[in-house]
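Chain and residue survey
If you want the building blocks of each chain, they are given just below.
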Amino acid sequence: MVRLTSLSNALPKTQADLIQLFEPVRADLEAVEREYERQVQSQVHVIPEIGAYIQKSGGKRVRPAVLLMAARLCGYTGSRAVLNAAVVEFIHTATLVHDDIIDDADVRRGRKAVHSQWGNDVTVLAGDFLYIKSMAMALTQDTLDIVRMLCDVTLRMIEGEIYQLTKNGVVDLAEAEHFEIIHRKTAYLFGGCAEIGGMLGDDELTALREYGFNLGVMFQLVDDLLDFTGEAEALGKPIGGDLREGKITLPIIHLLQHGGPEADALVRGTVRSRDVTPDQWTRLKALLAEHRSIEYAYSRAVEFGEAAKRKLKLFPPTQEREALMALADYVLSRDR
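Structural notes, computed from the coordinates. (Residues numbered from 1 in each chain as written. Predicted model: local features only at pLDDT ≥ 70, side-chain atom pairs only at ≥ 80, totals over all residues. Heavy atoms only, no water.)

Packing of helix α5 (residues 80–103) against helix α9 (residues 175–201) brings their axes to within 10 Å, and their N-to-C directions diverge by 170°. Put simply, α5 runs roughly antiparallel to α9. The segment α5 lies against α9, with R80, A81, N84, V88, H92 and D99 engaging K185, L189, C193, I196 and L200. In the contact of α5 with α9, the residues fall into six nonpolar, two polar and three charged. (Axes fitted to C-alpha atoms, helices over the stretch in contact; angles between N-to-C directions. Helix = DSSP H or I, 4+ residues; strand = E, 2+ residues; numbered from the N terminus. Parallel < 35°, antiparallel > 145°, perpendicular 65-115°, else oblique. Contact = heavy atoms within 4.5 Å. Nonpolar A, V, L, I, M, F, W, Y, C, P; charged D, E, K, R; others polar.)

Here it is as C-alpha cells:
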C-alpha cells in the first residue's frame, strides 16, 4: 500500500491492531454477534444457513463498532446500542449480498460469494430478508427518529447502487460523479452509525455524523486503491476487479486526466473487453505510478481522514474518542 511520507510508522495496520482499537466495546461487539445470530433465525432453514455463512466470512464489523464507540463517547451504555449496531450490520450485509450478484463476483473475503453457493434467486430474497429484518428490529425501539434515519440511509444506498449501475462502463466519469457514488453507497451509512451513537447519548449529532461521513469516504477511497495496490490473497478477491467490471475509480479518473493517449487507450480497452492481460496490468500500474495517480487518490483519503478526526476534537479525551481517532489511521494504513 502506498504511504505518504508524513504517515507515522506507528499507525495500526493489522487485524490484531483493529481488535485492539475495538477493545472499549469488545463485550458489546460480542453481544452484536449474538443478536445477529438470534435475529437471522427462520423456519426456512436456508435463511439461517446463509446468515451463518455470512457471519463467519471474516467481516471487520467497523460500522457496528463506530456506532457503539460513538454511543459510549456520548455517555450511553444501554442495550439499544447493541440492537442498533446489529441493525446496521444487517443493512450492510444485505448490500454486500446484492452487490455480489450485481457485480457477478464469485468471491467475497476469500470465500465463495453467497450467490455462487446458493444461486441468484435465493440470494436476492435472502438480501431482501436482511433488509426487512433490519427495519423490523429497529421498530422495536421506543423512538421513530432512528428508524426514519435508517430508512433514509438505506434508500440513499440503494439509489447509490442504481446510480453506479447507470455509470458502469462510462470511462469519462467526472470526479464529482464518483464522489456522489461513494457518498451514497458508503459514506451515509458510516455517518448514520456515528449519528445513532449521538442520538442515543443526545450529544453533538452533527459532529458525529460528519466524522462518520468523512470516515466512510476515506474507507471507500482506500478500498478502491487496494484494487491497484493490494495482494489478491490478502484481499480475498481478484486484483483489478473494479476496472474489469467497468467501475471507474479515483486513481483511474486522475490517470485519464494526466496519462495521455497510452493511458486512455489502455483503460478504454480494458473496460470495453472487461479483461486485462498480465502485461497490460503491469503497464497500467506503471502509468499510475508515473503520473502519481495512486498518490493523488491516497492524499484525498488522507484529507477525509483528517477532516473526520477534527470533528472528534469537540469531545473531551476519552478511551472511546482515541479509539475513533485511531480507527481513521487504521483505515488509511489497511492492506485488505
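That covers the picture; the talk isn't over yet.
Another aspect to go through is unusual backbone geometry. Positive phi values are uncommon outside glycine, yet R274 reaches one of about 55°. Position of R274 relative to the elements: it lies in the loop between α14 (260–273) and α15 (278–290). According to the relative accessible area criterion, R274 is partly exposed, its value standing at 38%. Even without being glycine, R292 reaches a positive phi, approximately 60°. Of note, R292 is situated in the loop between α15 and α16 (293–312). (Buried < 20%, exposed > 50% of the residue type's maximum accessible area, 1.4 Å probe, protein only.)

Here helix α10 (residues 205–229) spans 35 Å end to end across 25 residues, near enough to the 36 Å set by a 1.5 Å rise per residue. With 18 of its 25 residues buried, α10 lies for the most part within the structure. (Expected span 1.5 Å × (residues − 1).)

Contact geometry for α5 and helix α7 (residues 120–138): axes closest at 8 Å, N-to-C directions at 160°. What the angle tells us is that α5 and α7 run roughly antiparallel. In the crossing of α5 with α7, the sense of the turn from one axis to the other is left-handed. Residue-level inspection shows L83, A86, V87, F90, I91, T93, A94, T95, V97, H98 and I101 of α5 in contact with α7, the latter providing N120, T123, V124, G127, D128, L130, Y131, K133, S134, M135, M137 and A138. Residues belonging to the contact of α5 with α7 are distributed by class as follows: 14 nonpolar, seven polar and two charged. (Left-handed = near helix turned anticlockwise from the far one by under 90°.)

Counted under the stated rule, the structure contains six aromatic pairs. Note on Y36 and F90: the rings are 4.8 Å apart at their centroids and 50° apart in plane angle, and the pair reads as tilted. With Y36 in helix α2 (residues 26–39) and F90 in helix α5, this residue pair connects regions lying 54 residues apart in the sequence. Since its relative accessible area comes to 0%, F90 is described here as buried. Positioned above the aromatic ring of F219, the side-chain terminus of R63 is 5.3 Å from the ring centre. The ring of Y53 carries R111 above its face, with NZ or CZ at 4.0 Å from the centroid. (Phe/Tyr/Trp six-rings, centres within 6.5 Å; stacked < 30°, edge-to-face > 60°. Lys NZ or Arg CZ within 6 Å of the ring centre and 35° of its normal.)

With 105 residues, the main nonpolar core has L284 and L327 as its most contacted residues. Considering each element in turn, this core owes the most residues, twelve residues, to α10. (Core = buried A, V, L, I, M, F, W, Y, C linked by side-chain atoms within 4.5 Å.)

Tracing the backbone through its elements, the reader meets H183 in helix α9. If we skip the residues at most four places from it in the chain, H183 touches Y188, F213 and V217.

Glancing now at the state of the cysteines. Considering all chains together, one arrives at zero disulfides under this definition. C193 supplies the cysteine sulfur nearest to C74, a cysteine that is in no disulfide, at a spacing of 14 Å. (Disulfide = S-S within 2.5 Å.)

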